[in-house]
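Here is how the chains run, residue by residue.
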Amino acid sequence: MRNEAGERIRCFALTKAGTQCKNFSLEGSEFCRVHQPSDEGDDILEAEGFETPEDAAGAVEDSMDETAEQDLRRQLLAELDRLIERVQAMTPGYTPPPFSPRRLLKLIAENVENITPEIGLGILEKLRSTIGEDIFDVDTWKGIWYMLNYTLEYQGDILRRRFTGEYETDEWGLDMEVVDAIKPFFDFMYYKYWRVETTGFENIPEEGRALLVANHSGQLPWDGSMLGTAVYNEHPTQRLVRTLYADWFPTVPFISSLLTKTGQALASEDNGTRLLEQEQLVAVFPEGIKGVGKLYKDRYKLARFGRGGFIRMALTTGAPILPVSIVGAEETYISLAKSPLIANLLGLPFFPISLTWPWMGPLGFVPLPTKWYIDIGEPIQMDSYSPDDASNVVLTTQLSDQVRNIIQDMIFLRLAQRKSVLFG
Amino acid sequence: MSGKRVVLVTGVANQWGSRVAASLLADPKYHVIGLDTRPPGVGFEGLDMIEADIRNPLLVELFQSESVHTVCHLKIIEQPHLSESAFDLNVMGTMKVFGACVQAGVSKIVFKSSTAVYGAGPRNSAFLDEQSPMMGSRKNGYTRDLVEIQAFCNGFRRQNPQVNLTILRFPNIIGPTASTPMTRYLSERMVPVLLGFDPIMQLIHEEDVIQSLVYCIKNDYDGDFNIAADGVTPLRKLIALAGKYPIPVLHWFAYWGSSLFSGVGEGGGSLNPYDVDYIRYPWVADTTRMRKIMGYVPEYTCEEALREFASRQRVSQINPDSTRMALDEERLRDTLERRRRSRERNSTIPEGQMEVIDEE
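Residues numbered from 1 in each chain as written. Chains lettered and ligands numbered in written order. Predicted model: local features only at pLDDT ≥ 70, side-chain atom pairs only at ≥ 80, totals over all residues.

J.: Hey, could you go over the overall build of chain A for me, with residue numbers and the actual values?
T.: Scanning chain A from terminus to terminus reveals 14 helices and 9 strands. Buried residues in chain A amount to 31% of all 424 residues. Within chain A, contacts between residues at least 6 apart in sequence are counted, and of these 71% link residues at least 24 apart. (Helix = DSSP H or I, 4+ residues; strand = E, 2+ residues; numbered from the N terminus. Buried ≥ 20, exposed ≤ 12 C-beta atoms within 10 Å, placed from the backbone. Contact = placed C-beta atoms within 7 Å.)

J.: Describe the interface of chain B and chain A, and please don't skip the residues or the numbers.
T.: Contact residues are listed per partner, giving 20 residues for chain B and 22 residues for chain A. Contributions of two or more residues to the side of chain B that touches chain A are made by β12 (233-234) and α7 (235-241) of chain B. A per-element tally of the side of chain B that touches chain A places α7(B) first, with 3 residues. Grouping the constituent residues of the side of chain B that touches chain A by class yields 12 nonpolar, 5 polar and 3 charged. (Nonpolar A, V, L, I, M, F, W, Y, C, P; charged D, E, K, R; others polar.)

J.: I'd like to hear about the environment of Cys72(B), residue by residue, with values.
T.: Checked against the element boundaries, Cys72(B) lands in strand β4 (residues 70-73). The spatial distance from the C-alpha of Cys72(B) to the C-alpha of Ala21(B) is 9.6 Å, given a sequence separation of 51 residues.

J.: Let's hear about helix α11 (residues 302-311) of chain B: which residues, and what values?
T.: Here α11(B) lies mainly inside the structure; 9 of its 10 residues are buried. All of the buried residues in α11(B) are Cys302(B), Glu304(B), Ala305(B), Leu306(B), Arg307(B), Glu308(B), Phe309(B), Ala310(B) and Ser311(B).

J.: Tell me about the packing of helix α1 (residues 15-25) of chain B against helix α6 (residues 206-218) of chain B, and name the residues and values.
T.: When two helices pack together, their arrangement is given by the angle between the helix axes and by the axis-to-axis distance. Residue and element names in this part refer to chain B. One way to put it is that α1 packs onto α6 with a least axis distance of 10 Å and a crossing angle of 55 degrees. Our classification of the angle between α1 and α6 gives oblique. Here α1 and α6 pass one another in a crossing that is right-handed. Of the residues in α6, those in contact with Trp16, Arg19, Val20, Ser23 and Leu24 of α1 are Val209, Ile210, Leu213, Val214 and Ile217. (Axes fitted to C-alpha atoms, helices over the stretch in contact; angles between N-to-C directions. Parallel < 35°, antiparallel > 145°, perpendicular 65-115°, else oblique. Left-handed = near helix turned anticlockwise from the far one by under 90°.)

J.: Just give me the short version of the sheet that holds strand β11 (residues 223-226) of chain B, but keep the residues and values in it.
T.: Residue and element names in this part refer to chain B. Spatial ordering of the open sheet is given by β3-β2-β1-β4-β5-β6-β11, a layout of 7 strands whose pairing is parallel. Each of the sheet's edge strands pairs with one partner strand only, and the pair in question is β3 (48-51) and β11. Averaged over all adjacent pairs, the angle separating strand axes in this sheet is 20 degrees, with direction ignored. As defined by bridge partners, β4 adjoins strand β5 (residues 108-114) across 4 bridges and the pair is classed as parallel. When the sheet's bridge partners are listed, Thr70 is paired in β5 with Lys108. (Pairing = 2+ DSSP bridges.)

J.: Can you break down the sheet that holds strand β1 (residues 197-199) of chain A residue by residue, with the values?
T.: All names here are of chain A. Read across the sheet, 7 strands follow the order β1-β9-β6-β2-β5-β3-β4 without closing on themselves; strand pairing throughout is mixed. Two strands lie at the open edges of the sheet, namely β1 and β4 (265-266), each paired on one side alone. Here strand β6 (residues 321-327) pairs with strand β9 (residues 373-376) via 4 bridges, running antiparallel. Across the sheet, Ile326 pairs through a bridge with Ile374, a residue of β9. Its contacts with the sheet put helix α8 (residues 222-234) on β1, β2 (210-214), β3 (241-245), β5 (281-284), β6 and β9, and the angle it makes with β3 is roughly 170 degrees. Helix α12 (residues 309-317) rests against β2, β5 and β6 of the sheet, and its axis sits at about 165 degrees to β2.

J.: Would you mind going over the pairing of β3(A) in detail, with residue names and values included?
T.: Residue and element names in this part refer to chain A. Burial within β3 is extensive, with 5 of its 5 residues counted as buried. Both faces of β3 are covered, namely the face carrying Val241, Thr243 and Tyr245 and the face carrying Arg242 and Leu244. Relative to β5, β3 runs parallel, the two sharing 3 bridges. In the strand pairing of β5, Thr243 is matched with Ala283. Pairing analysis gives 2 bridges linking β3 to β4, with the strands arranged parallel. Within β4, the residue paired with Leu244 across the bridge is Ala265. Remark: the β3/helix α9 (residues 255-261)/β4 crossover connection has right-handed handedness. (Right-handed = clockwise from strand over helix to strand, strands pointing away.)

J.: Tell me about the environment of Ser420(A), residues and numbers included.
T.: Residues and elements named next belong to chain A. Looking at the secondary structure, you find Ser420 in the segment after α14 (393-417). Residue class for Ser420 comes out exposed when judged on the 8 C-beta atoms lying within 10 Å of it. The spatial distance from the C-alpha of Ser420 to the C-alpha of Lys371 is 8.2 Å, given a sequence separation of 49 residues.

J.: Before we move on, could you go through the nonpolar core and cite the residues and values that matter?
T.: Within the largest apolar cluster, 146 residues are counted, with the highest numbers of intra-cluster contacts made by Leu211(A), Leu212(A), Val213(A) and Leu227(A). In terms of residue count, α6(B) provides more of this core than any other element does, 7 residues in total. When near neighbours in sequence (up to four residues on either side) are disregarded, Leu211(A) contacts Leu276(A), Val282(A), Val284(A), Phe310(A), Met313(A), Ala314(A), Ala319(A), Ile321(A) and Leu322(A). Core analysis: the next-biggest nonpolar cluster, separate from the first, contains 7 residues, Leu76(A), Ile84(A), Trp145(A) and Tyr146(A) among them. (Core = buried A, V, L, I, M, F, W, Y, C linked by C-beta atoms within 7 Å.)

In structure tokens form, the structure reads like this:
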């Protein structure tokens, strides 16, 4: 490889002594002849012989494969060198504490709880298999030492940075570190608990503004979080859905700050329009609180659709409307009645009486493990209208009813196919 | 007055009036009259000081005899308690000054207000434009008075369209020397926040407050404008950047405590910027009009203003990096960045507006 001036640059790898390699790099590569990784270098850590000690031990016994074993080792080292190189490029100032195998084991023992179980187990198993394979090599250990120290330093850093304010939020308060922290819980609810099946991702544009309009149900706004999880996990461009929430939520501690930190916004026309103008993917639940607080006997009957604010948002910004039906959320809580008196006393928008709530206390919050279906319908384009049409009340109410009927039909279609509430 | 434009600054002895006057005095095109009950101290050569109360009935004659062109009204008491005497000076005083301006044919009034007039509530949009309803807290003396003044100004504009009334609304003001609700809130090591709430906050640097007021005295812009620094920050990040510790308080206790302590000394005022709602809900203002119509850009961004404030404060102990030298280095880096931006703007701004930028 050559630099801008056309001179050959030196090899990127580290030597066994831990110093920078002084050889010149080969043409079209960052490494010299010695450190040149093979083509399958990227997958080397997943190589079979490395994962299972028994197989590898067998391979060592076979003298025929001795040279192959040497090759594998060299490739491994090159791979490790490359990883270190990448990390060093990210943080030029960082140097790990001095290395000794004993100290490495101590570090691992101290920090096994701090890293996620999967990663910890992965590291330990890899180490175990390395020792089993008897390729104990100072360079390998040094590489692992470096990577581990860096990981722990970085993880400890997150906590420190929360206290020193060195984290980034956008103008809506979105904090990606918080999103990453709570994602595992919503992933569990999505994949394991409700086993959500989502169709129609192809209808969501890969980039640019779009407005998801969905039915609301289920006493607590789980449906919004599941729609967000679905698109974030399974859409090809991993878009973050900006859900517009009802004005009751900002008054609730923790929910208020959680909604802000995950990039959601209060349901107001200004907010929706501004988000769409910033080319975001916005989700609205036009039924609002009326939809969430539906009784079990009214399930899947769409409530009135607000005053058509979402249509005005779409018209002024020209964003396509994507109708969304969510089936399964209605049965997560069986709400039999509502008590306006208690709701008034507690300052809540509604107070449901369900099979489990409030009789069983906090257990009443646990939703039933129903089977969910989220269907994202084909976009309704707003190109044929002009932004001025947003003030045309006849048009907005008509469009609002039209979208409502589409969503209602989608729900009925899905309900007709569904055989069981719990198993789909 | 030898062709100089006459600008009268009320409240010239307080922190805002004195600095606006000083900034105007540096410009030979203006003749500056200061109006207050006491002089602003030393270092105001060329200031035409008149010691009088703004509620004086002879104000009309003063404006006429001095042929005042612009009045910059800054004589407002920023106190948290509901007080009749403060209301009299703030609201009645403003009405009398504005009334005198009409009588005396003053052509322009510049007034400093606050975005706190929009109020903090769960129904607030993420960005409040100048048309948003005035829901400011009635429990805080300063915000109540400003809401009253705003109601008066709306009528005033209808009745006297010939007077150019510019109202600048600032969010929390922060800076090394200013004494504002926000700097008092951040003055202690421990800062009370509400458990489970972390609203987005907006700031402006004190220097930019002076700059924008002077900018509006020198150029004509009719109407209300939100003036705020670039960028917003969650309250906890703001406190962390200022090098303080947040102390979470259950919001019921906070409301109860603030109602208990309001009106008792300074303590009630420094527990939170205005009212408990103001650290519970967002009240971020939209600055589109400032950019598009006024063409004004504050020098400091939100984080720069905070870092500048923090660097003058005690050194935090949580962050081992925040030694004095590190903060000093950070501040110089910000200063260099600001000067670079300012130069860039200067090269793109047309000739007529050049004078405004190099104020420092």
